Amino acid sequence: MKTSRLEKRLQRSKDKLSIFANKKLLNRYNLIGEELDRIIEIYLTDEEKAKLFEFEHFKNLYPYRIKNIIKLIKDDELKLKLLKDDALMSGMSEFDIVDIVKLLEDDNKMQVLKDENYRKKYNIEEYDAINIIMTFTNESKNKLLLHKDFLERELKIRKYGIGKIIASLEGENEKLKFIKYYELKNNEIEYILTYMEVSSIINFLNVNKQFCREKGINPYVIMAGIDSKKQLEFISKLDDLEELSIRRKKKDICSNRKRN
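In short, a report on the structure.

**Some details on the overall build of the protein**
For the protein, the helix and strand inventory stands at 23 helices and zero strands. Its C-alpha atoms give the protein a radius of gyration of 26 Å, more than 25% over the compact-globule value 18 Å for 260 residues. Looking at the protein residue by residue over its 260 residues, the buried ones come to 47%. Of all intrachain contacts in the protein linking residues separated by at least 6 positions in sequence, the fraction that spans at least 24 positions is 62%. When the accessible surface of the protein is summed, it comes to about 14,600 Å², and 46% of that surface belongs to carbon and sulfur atoms. Each charge class in the protein can be summarised by its mean position, and for the 53 positive and 46 negative side chains these summaries are 4 Å apart.

**A look at the packing of helix H8 (residues 76-83) against helix H11 (residues 106-114)**
Running from amino to carboxyl end, H8 crosses H11 at an angle of 15°, the nearest separation of the two axes being 10 Å. Viewed along their axes, H8 and H11 adopt a mutual orientation that is roughly parallel. Crossing hand, H8 versus H11: right-handed. Contacts from Asp 76, Glu 77 and Leu 80 of H8 reach H11 at Asn 108, Gln 111 and Val 112. Class assignment of the residues belonging to the contact of H8 with H11 gives a composition of two nonpolar, two polar and two charged.

**A short note on the pattern of salt bridges**
Tallied over the full model, the rule gives 16 salt bridges. With a closest N to O distance of 3.1 Å, Arg 65 and Asp 37 form a salt bridge. With Arg 65 in helix H7 (residues 63-70) and Asp 37 in helix H4 (residues 33-43), the pair connects residues that are 28 residues apart, well separated along the chain. The pair Arg 65 / Asp 37 is uniform in exposure class, with both members buried. For Glu 126, the salt bridge is made with Arg 158, and the minimal N-O distance between the two is 2.6 Å. Note that Glu 126 is positioned in helix H13 (residues 126-133) and Arg 158 in the loop between helix H15 (148-154) and helix H16 (159-167), a separation of 32 residues in sequence. When salt bridges with common partners are traced through the structure, they connect Lys 67, Asp 96 and Asp 99 into a single cluster.

**A word on a positive patch on the surface**
Taken together, the side chains of Arg 5, Lys 8, Arg 9, Arg 12 and Arg 28 make up a positively charged region of the molecular surface. Here the positive patch takes four residues from helix H1 (residues 3-12), the largest share from any one element. Examined against the element boundaries, Arg 12 turns out to sit in helix H1.

**Brief notes about the packing of aromatic side chains**
Under the definition given, this model contains eight aromatic pairs. A ring pair is formed by Tyr 160 and Tyr 191, whose centres lie 5.4 Å apart and whose planes are at 40°; its orientation type is tilted. Of this pair, Tyr 160 sits in helix H16 while Tyr 191 sits in helix H18 (residues 186-193), and the two are 31 residues apart along the sequence. On the basis of an interplanar angle of 45° and a centroid distance of 6.5 Å, the ring pair of Phe 178 and Tyr 182 is categorised as tilted.

**Digging into unusual backbone geometry**
Trans is the prevailing form of peptide bonds, just as negative phi is the prevailing case for residues other than glycine. Despite not being glycine, Lys 156 shows a phi value in the positive range, around 55°. Mapped onto the elements, Lys 156 comes out in the loop between H15 and H16. What makes Lys 156 exposed here is its relative accessible area of 57%. Residues other than glycine seldom take positive phi values, yet Glu 183 does so here, at roughly 50°.

**A look at the side chain of Asn 108**
For Asn 108, the position within the fold is in helix H11. Here the side chain of Asn 108 touches Asp 76 through a polar contact of 2.8 Å, side chain to side chain. Apart from the residues within four sequence positions on either side, Asn 108 is in contact with Asp 76, Glu 77 and Leu 80.

So, how was this worked out
- Residues numbered from 1 in each chain as written.
- Predicted model: local features only at pLDDT ≥ 70, side-chain atom pairs only at ≥ 80, totals over all residues.
- Heavy atoms only, no water.
- Helix = DSSP H or I, 4+ residues; strand = E, 2+ residues; numbered from the N terminus.
- Rg over C-alpha atoms; globule rule 2.2 N^0.38 Å.
- Buried < 20%, exposed > 50% of the residue type's maximum accessible area, 1.4 Å probe, protein only.
- Contact = heavy atoms within 4.5 Å.
- Areas by Shrake-Rupley, 256 points an atom, 1.4 Å probe, with all protein chains shown as cover.
- Lys, Arg positive; Asp, Glu negative; His and termini not counted.
- Charge placed at Lys NZ, Arg CZ, Asp CG, Glu CD.
- Axes fitted to C-alpha atoms, helices over the stretch in contact; angles between N-to-C directions.
- Parallel < 35°, antiparallel > 145°, perpendicular 65-115°, else oblique.
- Left-handed = near helix turned anticlockwise from the far one by under 90°.
- Nonpolar A, V, L, I, M, F, W, Y, C, P; charged D, E, K, R; others polar.
- Salt bridge = Lys/Arg side-chain N within 4 Å of Asp/Glu carboxyl O.
- Patch = residues over 30% accessible without salt bridge, like charges linked within 9 Å, V, L, I, M, F, W, Y side chains within 5 Å.
- Phe/Tyr/Trp six-rings, centres within 6.5 Å; stacked < 30°, edge-to-face > 60°.
- Polar contact = N/O pair within 3.5 Å; in protein donor to acceptor, adjacent residues only side chain to side chain.

Interpretation note: all reported values are geometric properties and have no functional meaning in isolation.
Take a look at the structure:
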């Protein structure tokens, strides 16, 4: 039977969920995954979508199919409730679970990250935690980065991962503040600087000359890490870079650009 017939039936029905509860009826329409998802999204409320998993034929779907249906739910609390349903999540990989968590509001993402038992149960480790945090709003990232012990000791995020989060911040001053706060190594700082505007990179190198010397920050490495448009702008502003001689920096950096 064609999908259009099922849709007409749903349009007439006052109890649409009962149609999805009837496995034999659904089987008549021989729906493939995307078709079923589309119909679920159109005809069921968030509450009804969540109730689908009370029926055995939906509970027994492949994990990626369960994930796709959960992702159709807009209500955060319902998604969170399903994420905490051990029976439903038992076949899910950490990648599927993280995919759902990334759709939550930041407060609920934090609730998952702070739950040590949940993280252990579903193998949510450093890489997964970073992926979740990268979907936070800029404001939430700033607040979270202030909790150094939580990130480093609880989530066990190493400095490179911290650098990735810092690099994703929107404000230049925010990046600079956390570079110093986390006492990052030279390669981690160079990585973050490549995500900044050229004028901010040069300003950072000039204002923090002693700090950059101590850390071994290399302008040539930064140069190699930025796109070609930024490289040209960097070269045009080399005279503003105080730490290197004009002759040396133009020769070395231009040569470095050719090699890269």
